[in-house]
Amino acid sequence: MKKYLLFFILALVAASCSSAQRTDGESIAQSRINDGWQTLTPEAAGLNDEKLSELTDFIHADPHSDFRSVVIAKDGKIAFEGYFNGHDPESLHDIRSATKSITSMMVGIAIEDGLIADVKEPVFSTLSAYAPFANDGPRKQAITVENLLTMASGLHADDDNSDSPGNEDFLWESDDWVRFSLDLPMADEPGSRWSYASVNTFLLGVLVEEASMESLSSHAKKHLFAPLGITNFDWRSEPSGRTVAQGNLAIRARDMLKLGQLYLDGGRWNGIQVVPETWVQTSIVGRFDVPWDDYDAYGYGWYLHTLNIEGREFQYFFASGNGGNKIYVLPKERMVVAVQSAAYNTNYGQRRSLEVLRKVLAALVASGVRRLTHFTATRFPSPQETRRTTWQVGSNWVIARMGSSASF
């Protein structure tokens, strides 16, 4: 029988000790987790118990053994945790390309600290120490930090095309990742077309490393993870020792949730401004359409999407990685959902994680709890903005143009 750990975290238990139940009924003592999270019951969070049971039944009935965890925060507190197939709250898990959203955070921090001028900084001028560049020219010299953030560098790189010169598989085969990335030919004008390419995010990591004079992993440990109380993680390095900025960060599910909560709260954690609020707001504006099912738009390393659950519309932004690894952030519901899955390179991992989110939202709908309808906002959308998504993130409204190709 497939075994899993399922934690319904109760506020009463949080003050002492929680217990985990296996499907065979064996009770396992679980020491209290002291990582900065507060907890509340699913009922207090407005999550229907019966629907949550359907969620865990769905995961338990899955014929694969590669689903790892789902953790839900509501109103800044953990309301539900489920760990499966041998994982527990302390397990590290490789979230693959969901890491790209964390690298975007590091770019925002680097700009705030003056290490990078702004998103208009020209990439190849900044990395001129690596000149001369193959396939150089005006188009390559025009690539900006923003072009890398939005997957619109114009480099001949497409991870969805195995024949593309800049496909990530070729990057992994290279002995010199920086030279490989910088020497790629151009395919488009910078900023003209969205093309999913991991070399873009890798180069963002190179920019932060060159400016900070330390690895992206070390810089993140000091300036992002430490303020959030994230002490246990593993971020893979490429052959020369540079951090794999585009993926392969292994962290706990609770810490994935912290990163989502950080953005829900406008870059703040426990009252400390970790990521600039303006960066958070700018990052979740949809700038290019995404030509994939269940993805609407792309911002600065974050995706946007809308789901309809039993007639109710849910708009959210999210980090996404191979295998079904997700950080879903739903501003109007004040909810964050972290999903860990090891269904790497399969055709079901992403769909299964989306179904998990659907079932979480069904639990919210079934409870009868409505989304927040009142905000103290700095502005409201005009009638011309009705096609846009309006969120409050931190202290300000964010107007996210769903499916727009405009640059802001």
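Being a predicted model, the structure only gives us computed values, none of them experimental.

The rules behind these values
Residues numbered from 1 in each chain as written. Predicted model: local features only at pLDDT ≥ 70, side-chain atom pairs only at ≥ 80, totals over all residues. Heavy atoms only, no water. 1 Å grid on protein atoms, 1.4 Å probe; cavity = no way out; pocket = protein on both sides within 12 Å on 5 of 7 lines; lining within 4 Å. Points joined across faces, edges and corners; volume = space filled by probe spheres on them. Nonpolar A, V, L, I, M, F, W, Y, C, P; charged D, E, K, R; others polar. Helix = DSSP H or I, 4+ residues; strand = E, 2+ residues; numbered from the N terminus. Buried < 20%, exposed > 50% of the residue type's maximum accessible area, 1.4 Å probe, protein only. Axes fitted to C-alpha atoms, helices over the stretch in contact; angles between N-to-C directions. Parallel < 35°, antiparallel > 145°, perpendicular 65-115°, else oblique. Left-handed = near helix turned anticlockwise from the far one by under 90°. Contact = heavy atoms within 4.5 Å. Pairing = 2+ DSSP bridges. Phe/Tyr/Trp six-rings, centres within 6.5 Å; stacked < 30°, edge-to-face > 60°. Lys NZ or Arg CZ within 6 Å of the ring centre and 35° of its normal. Core = buried A, V, L, I, M, F, W, Y, C linked by side-chain atoms within 4.5 Å.

Colleague: Honestly, empty space enclosed by the protein in this entry has me stumped. Any pointers?
Modeller: Left-over empty space is what a probe sized like a water molecule reveals as it rolls over the atoms. Tallied over the full model, the rule gives two cavities of 30 Å³ or more. Contributing to the lining of the largest cavity are Met 151, Ala 152, Ser 153, Gly 154, Leu 155, Ala 157, Asp 188, Arg 193, Ser 195, Ala 197 and Asn 200. Residue composition of the lining of the largest cavity, grouped by class: five nonpolar, four polar and two charged. Computed from the structure, the second largest cavity encloses a volume of approximately 50 Å³. Lining of the second largest cavity is provided by Lys 100, Ser 104, Leu 148, Leu 149, Met 151, Thr 201, Leu 204, Tyr 298, Tyr 300 and Gly 301. Broken down by secondary-structure element, the contributors of at least two residues to the lining of the second largest cavity are helix 3 (99-112), helix 6 (145-149) and helix 9 (198-212).

Colleague: Where do I start with unusual backbone geometry in this structure?
Modeller: Among all residues save glycine, negative phi is the norm, and among peptide bonds the norm is trans. Each neighbour pair has its own omega, and for Ala 131 with Pro 132 the value is 5°, a cis peptide bond. Of note in the backbone geometry, Met 151 takes a positive phi value of approximately 60° without being a glycine. With respect to the helices and strands, the residue Met 151 is situated in the loop between helix 6 and helix 7 (168-173). Phi is positive for Asn 270, which is not a glycine, with a value near 50°. Considering the arrangement of structural elements, one finds Asn 270 in the loop between strand 9 (268-269) and strand 10 (272-273). Residue classification places Asn 270 among the exposed residues on the basis of a relative accessible area of 60%.

Colleague: Just to check I follow, could you spell out the packing of helix 2 (residues 49-60) against helix 13 (residues 349-367) for this structure?
Modeller: Each packed pair of helices is defined by two parameters, the angle between the axes and the distance between the axes. Running from N to C, helix 2 and helix 13 cross one another at 165°; their axes reach a closest spacing of 8 Å. Between helix 2 and helix 13, the crossing angle belongs to the class labelled roughly antiparallel. Handedness of the helix 2/helix 13 crossing: right-handed. Side by side, helix 2 and helix 13 meet where Lys 51, Leu 52, Glu 54, Leu 55, Phe 58 and Ile 59 of the first sit next to Arg 352, Glu 355, Val 356, Lys 359, Val 360, Ala 362, Ala 363 and Ala 366 of the second. Split by residue class, the contact of helix 2 with helix 13 holds nine nonpolar, no polar and five charged.

Colleague: So what exactly am I meant to see when it comes to the pairing of strand 15 (residues 325-330) here?
Modeller: A regular strand carries its side chains on alternate faces of the sheet. Across the six residues that make up strand 15, a large majority, six, are buried. Side chains Asn 325, Ile 327 and Val 329 of strand 15 all project onto a buried face; the interleaved residues Lys 326, Tyr 328 and Leu 330 project onto the opposite face, where all are buried too. Relative to strand 15, strand 14 (residues 312-321) is paired through five bridges, and the arrangement is antiparallel. Considered in strand 15, the bridge of Phe 318 is made with Tyr 328. Following strand 14, the chain reverses through three residues before pairing antiparallel with strand 15; Gly 323 in that reversal takes a positive phi of roughly 95°. Pairing geometry for strand 15 and strand 16 (residues 335-341), over five bridges, is antiparallel.

Colleague: I'm lost on the packing of aromatic side chains in this one. Help?
Modeller: The description of two aromatic rings rests on the distance between their centres and on the angle between their planes. With the rule as written, the count across this model stands at 23 aromatic pairs. Centre to centre, the rings of Trp 292 and Tyr 295 are 5.2 Å apart; their planes meet at 90°, and the pair counts as edge-to-face. One aromatic cluster in this structure is built from Trp 194, Tyr 196, Trp 292, Tyr 295, Tyr 298, Tyr 303, Tyr 316, Phe 318 and Tyr 328. The ring of Tyr 344 carries Arg 96 above its face, with NZ or CZ at 3.6 Å from the centroid. Taking NZ or CZ as reference, Lys 359 lies 5.3 Å from the ring centre of Phe 58, over its face.

Colleague: What is the right way to look at the pairing of strand 13 (residues 303-309) in this model?
Modeller: Of all seven residues that make up strand 13, five are buried, and the element is covered over most of its length. Note that strand 12 (residues 297-298) and strand 13 share two bridges and pair antiparallel. When the bridges of strand 13 are listed, Tyr 298 appears paired with Tyr 303. In this antiparallel pair of consecutive strands, strand 12 and strand 13, the connection spans four residues, and Gly 301 shows a positive phi of 85°. Inspection of the sheet shows strand 13 paired to strand 14 by seven bridges, in the antiparallel sense. Considered in strand 14, the bridge of Tyr 303 is made with Phe 318. Hairpin remark: strand 13 followed by strand 14, antiparallel, with two residues in the connecting loop; positive phi at Glu 310, about 50°.

Colleague: It is not clear to me how the nonpolar core should be interpreted in this structure. Could you clarify?
Modeller: One broad trend across soluble globular proteins is that nonpolar side chains are buried collectively. The biggest cluster of nonpolar side chains holds 76 residues, and the ones touching the most others in it are Leu 224, Tyr 263 and Val 275. Residue contacts for Leu 224: discarding those within four places in its chain leaves Ile 102, Met 105, Met 106, Ile 109, His 219, Leu 259, Leu 262, Val 274 and Val 275. Ranked by size, the runner-up nonpolar core spans 40 residues in total, among them Phe 80, Tyr 303, Phe 318 and Val 339.

Colleague: Is there a simple way to explain the layout of surface pockets in this structure?
Modeller: Reported here for the largest pocket is a volume of approximately 780 Å³. In this structure, the largest pocket is lined by 34 residues; those nearest its centre are Ser 97, Gly 321, Asn 322, Gly 323 and Gln 350. Of all the secondary-structure elements, those providing two or more residues to the lining of the largest pocket are helix 7, strand 14, strand 15 and helix 13. Here the lining of the largest pocket is built from residues that sort into ten nonpolar, 14 polar and ten charged.

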